Amino acid sequence: MPKHDIALFCKSYAGDIKRFKKLLSSIEQYNTDRLPFFVSVPNADLNVFRPLLSNISFVILLSDEDLLNESNALGNAKSSDYSGSLLQQIVKVAFGMIGKASCYVVIDSDSFFIRPFSKGDFSMDDGFPITVMHECEDLLEFSEQNKMHFVKTNYQRERKKLQRLFNRTGNIYDFGPTPVVWGSEVWEKLKDDYLRKNNISLGALISKYPSELLLYGEALLEYKTFPIYARKPLFKVFHYKEQFEALEDAQRSSVNLAGKYLGIVMQSNWYKINKKLSPTNRLYLFLKNMRRKK
């Protein structure tokens, strides 16, 4: 299979199938350039996803195990040595190491698009990807206003740890949330310059520094693989129920999420607002009502 200039990539599993269906539906509706969409799931879940994806021409179904083997991401370790959350991160990086696409948009199952998108939303005219890179003003400002001071403390601690990996000082950046656009060349450089020289596997590195988003960003800053075209988050993310409730209480007629964002992230570990309606479905109704008011 030839290498694609740019592709979409999602690591999912059977337990996320309901959320994944919403994501898939939005991609079918809004993927104007028919960018290839790679979906990786465990071998045990392939039969769950095949019927859902078999009739969509731009979707390529992969197995986690094949990606891990081809990239040698785990070295001599086994998948069972890692938690599910760590394996998810490792698989996302492993995809970039096997050369399927020059750059790829990593999107999680708890997300969905709300307007048309194309190659130009993720890369520049020179072919280099944009980089989600910012100082997280939105979340930090919200958390301070609501006296959630632990958010800033945790935010800074996690990022400074990754900075130390490459001996970088200075501004503290965030390189998420997903979806993010990754240049595979960054992962190839990390593999050649760091993993091989230090005789460490990707799995071991991510176990020590468990944030694939920060690892990518700091590696890009270290290796300067290509120009950095910094962008704020592509999707509106709701980290906490209070964020969603604050939006609900606002003058919604003046809010146009689709004018600012490509989509929505409803973090999968965020619990339901009430017993009758899930956060995702509630937001769908909100967006539907917004469109009616226009």
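Scroll up a little and you will see the structure.
Predicted, not measured: the structure shown is a model, and the values here were computed from it.

**Q** Help me out: how do you make sense of the packing of helix H6 (residues 149–165) against helix H9 (residues 212–223) in this one?
**A** Two numbers describe a pair of packed helices, the interaxial angle and the distance between the axes. Two elements in contact, H6 and H9, have axes whose closest approach is 9 Å; the angle formed by their N-to-C orientations is 40°. One way to sum up the angle between H6 and H9 is to call them oblique. Crossing handedness for the pair H6 and H9: right-handed. Two secondary-structure elements touch here, H6 through Glu158, Arg159, Leu162, Gln163 and Leu165 and H9 through Leu214, Leu215 and Glu218. Here the residues of the contact of H6 with H9 are counted per class, giving four nonpolar, one polar and three charged.

**Q** Is there a simple way to explain the pattern of salt bridges in this structure?
**A** Pairs can form between side chains of opposite charge once their charged atoms are near each other. Scanning the entire structure with this criterion turns up ten salt bridges. One salt bridge in this structure joins aspartate 16 and arginine 19, with 2.4 Å as the shortest N-O distance. With a shortest N-O distance of 2.5 Å, arginine 196 and aspartate 192 are connected by a salt bridge. For aspartate 192, a relative accessible area of 41% corresponds to the partly exposed category.

**Q** How should the sheet that holds strand S1 (residues 4–11) be read in this particular structure?
**A** Read across the open sheet, the five strands follow the order S3-S2-S1-S4-S7; overall the sheet is mixed. Both outer strands of the open sheet, strand S3 (59–63) and strand S7 (180–183), are each paired with one neighbouring strand and no more. Strand-to-strand twist in this sheet, taken as the mean axis angle between neighbours without regard to direction, amounts to 30°. Examined bridge by bridge, S1 and strand S4 (residues 101–106) share five bridges and lie parallel to one another. Bridging across to S4, phenylalanine 9 finds its partner in valine 106.

**Q** Please clarify how the nonpolar core should be interpreted in this entry.
**A** The nonpolar side chains of a soluble globular protein tend to be buried, and buried together. In this structure, Phe37, Phe113 and Phe122 are the most contacted members of the largest nonpolar core, which totals 81 residues. When residues no more than four places from it in sequence are discounted, the contact partners of phenylalanine 37 are Leu8, Phe9, Cys10, Phe20, Leu23, Leu24, Ile27, Phe58, Val59, Ile60 and Ile107. Judged by nonpolar contacts, the second largest core, of eight residues, contains Cys136, Leu139, Leu140 and Phe142.

**Q** It is not clear to me how unusual backbone geometry should be interpreted in this structure. Could you clarify?
**A** Glycine aside, negative phi is the norm for most residues, and most peptide bonds take the trans geometry. Residues glycine 176 and proline 177 are joined by a peptide bond in cis, for which omega reads 5°. Residue position: proline 177 is located in the loop between H6 and S7. Despite not being glycine, asparagine 72 has its phi angle at roughly 55°, a positive value. As for its position among the elements, asparagine 72 is in the loop between helix H3 (64–71) and helix H4 (84–97). Of note in the backbone geometry, asparagine 167 takes a positive phi value of approximately 55° without being a glycine. Inspection of the secondary structure puts asparagine 167 in the loop between H6 and S7. Take asparagine 167: its relative accessible area is 71%, and that puts it in the exposed class.

**Q** What is the right way to look at helix H7 (residues 184–195) in this model?
**A** Structural remark: α-helix, 3.6 residues per turn; residues separated by three or four positions point the same way. Here H7 is twelve residues long and its end C-alpha atoms lie 15 Å apart, about the 16 Å a rise of 1.5 Å per residue gives. Of all the positions in H7, only Ser184, Val186, Trp187, Leu190, Tyr194 and Leu195 are classed as buried. Across the axial projection of H7, the buried residues extend over an arc of 155°, all falling on one side. Residues of H7 that are buried in the fold lie against H4, S4, H6, S7, helix H8 (202–208) and H9.

Rules and cut-offs
- Sequence order as written defines the numbering, with residues in each chain counted from 1.
- Local features in this predicted model are restricted to residues of pLDDT 70 or higher, and side-chain atom pairs are both shown and tallied only at a pLDDT of 80 or more, whereas totals for entire chains, interfaces and linings draw on every residue.
- Side-chain measures were taken over the full set of non-hydrogen atoms in the model, leaving aside hydrogen atoms and water.
- Simply put, an axis is a line fit to the C-alpha atoms, just over the touching stretch for a helix, and the angle between two N-to-C directions goes from 0 to 180 degrees.
- Runs of H or I in DSSP of at least four residues are treated as helices and runs of E of at least two as strands, each being numbered from the N terminus.
- The labels follow the angle: roughly parallel below 35 degrees, roughly antiparallel above 145, roughly perpendicular from 65 to 115, and oblique for the rest.
- For any pair of crossing helices, the crossing counts as left-handed if the nearer helix is rotated counterclockwise from the farther one by less than a right angle, and right-handed if it is rotated clockwise.
- The contact rule is simple, with two residues in contact once any of their heavy atoms fall within 4.5 Å.
- In this classification, the charged set is Asp, Glu, Lys and Arg, the nonpolar set is Ala, Val, Leu, Ile, Met, Phe, Trp, Tyr, Cys and Pro, and all remaining amino acids, among them Gly, are polar.
- Salt bridge, as used here, is a side-chain nitrogen of Lys or Arg placed within 4 Å of a carboxyl oxygen of Asp or Glu.
- Burial classes: relative accessible area under 20% of the type maximum marks a residue as buried, over 50% as exposed, and values in between as partly exposed (1.4 Å probe, protein chains only).
- Should DSSP find at least two bridges between two strands, the strands are regarded as paired.
- Here, the term nonpolar core denotes a set of buried Ala, Val, Leu, Ile, Met, Phe, Trp, Tyr and Cys residues that are joined through side-chain atoms within 4.5 Å.
- By definition here, a helix of n residues has an expected span of 1.5 Å times n minus one.
- Directions are taken from the helix axis to each C-beta atom, and the arc is the one they span.

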